[in-house]
Amino acid sequence: MLTIGQLARAAGVKIPTIRYYEQMGLMAVAERSAGNQRRYESHDRERLSFIKHARDLGFTIEAIRELLELSAHPNQPCVSADAIAIRQLASVRGKLARLRLLETELDRMTSRSHDDQVKDCYVLQSLANHDLCVGEH
């Protein structure tokens with residue numbers, strides 16, 4: 001049996017994160033010791049590690065809930081889990097595309113020469129006037 005602190009350290013999360021996942025229904029509410037201390041088992045550590053890894057990959061709480069439900073039925077086809085991961089991949093690719101646009105615009109803004117005076121600072125001018133930007137970002 002693990003205390004909440006031991007579980008947090010084992011999974012690499014903070015204690016409030018575990019409580020949050022319990023509130024969200026991703027983790028079962030822990031059993032309590034005679035002293036009313038939360039107690040967790042190895043399967044709780046495995047589940048928490050699964051959740052943490054999914055969060056690290058950017059999955060939403062709802063997607064994690066779906067993935068956990070799927071993992072509870074190991075003999076089912078994997079197509080639903082694949083679909084969830086494909087949606088996440090598309091989301092990440094969309095974010096990357098937007099970040100590339102931001103990178104291009106910031107690079108353009110900061111590469112303009114000026115006379116080292118704020119009144120001539122292209123960064124400030126660009127931020128004040130979106131029309132100076134090359135495109136949407």
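Residues numbered from 1 in each chain as written. Predicted model: local features only at pLDDT ≥ 70, side-chain atom pairs only at ≥ 80, totals over all residues. Heavy atoms only, no water.

**Brief notes about the overall build of the protein chain**
Working step 1: Scanning the protein chain for helices and strands turns up 6 helices and 2 strands.
Working step 2: Starting at the N terminus, the α and β elements of the protein chain follow one another as α-α-β-β-α-α-α-α.
Working step 3: Taken along the three principal axes of its C-alpha coordinates, the protein chain extends 70 × 40 × 20 Å.
Working step 4: Classification of the 137 residues of the protein chain by burial places 26% in the buried group. (Helix = DSSP H or I, 4+ residues; strand = E, 2+ residues; numbered from the N terminus. Buried < 20%, exposed > 50% of the residue type's maximum accessible area, 1.4 Å probe, protein only.)

**Some details on the packing of aromatic side chains**
Two numbers describe a pair of aromatic rings. These are the distance of the centres and the angle of the planes.
Working step 1: Going through the model one piece at a time under the given rule, you end up with 1 aromatic pair.
Working step 2: Relative to Y21, the ring of Y20 lies with its centre 5.8 Å away and its plane at 50°, an arrangement referred to as tilted.
Working step 3: Judged by relative accessible area, which is 6%, Y21 ranks as buried.
Working step 4: The ring of Y122 carries R112 above its face, with NZ or CZ at 4.1 Å from the centroid. (Phe/Tyr/Trp six-rings, centres within 6.5 Å; stacked < 30°, edge-to-face > 60°. Lys NZ or Arg CZ within 6 Å of the ring centre and 35° of its normal.)

**A look at unusual backbone geometry**
Across residues other than glycine, the phi torsion is negative in most instances, and most of the peptide bonds are trans.
Working step 1: In this model, N36 sits at a positive phi of 70°, which is unusual for a non-glycine residue.
Working step 2: As for its position among the elements, N36 is in the loop between β1 (31-32) and β2 (38-39).

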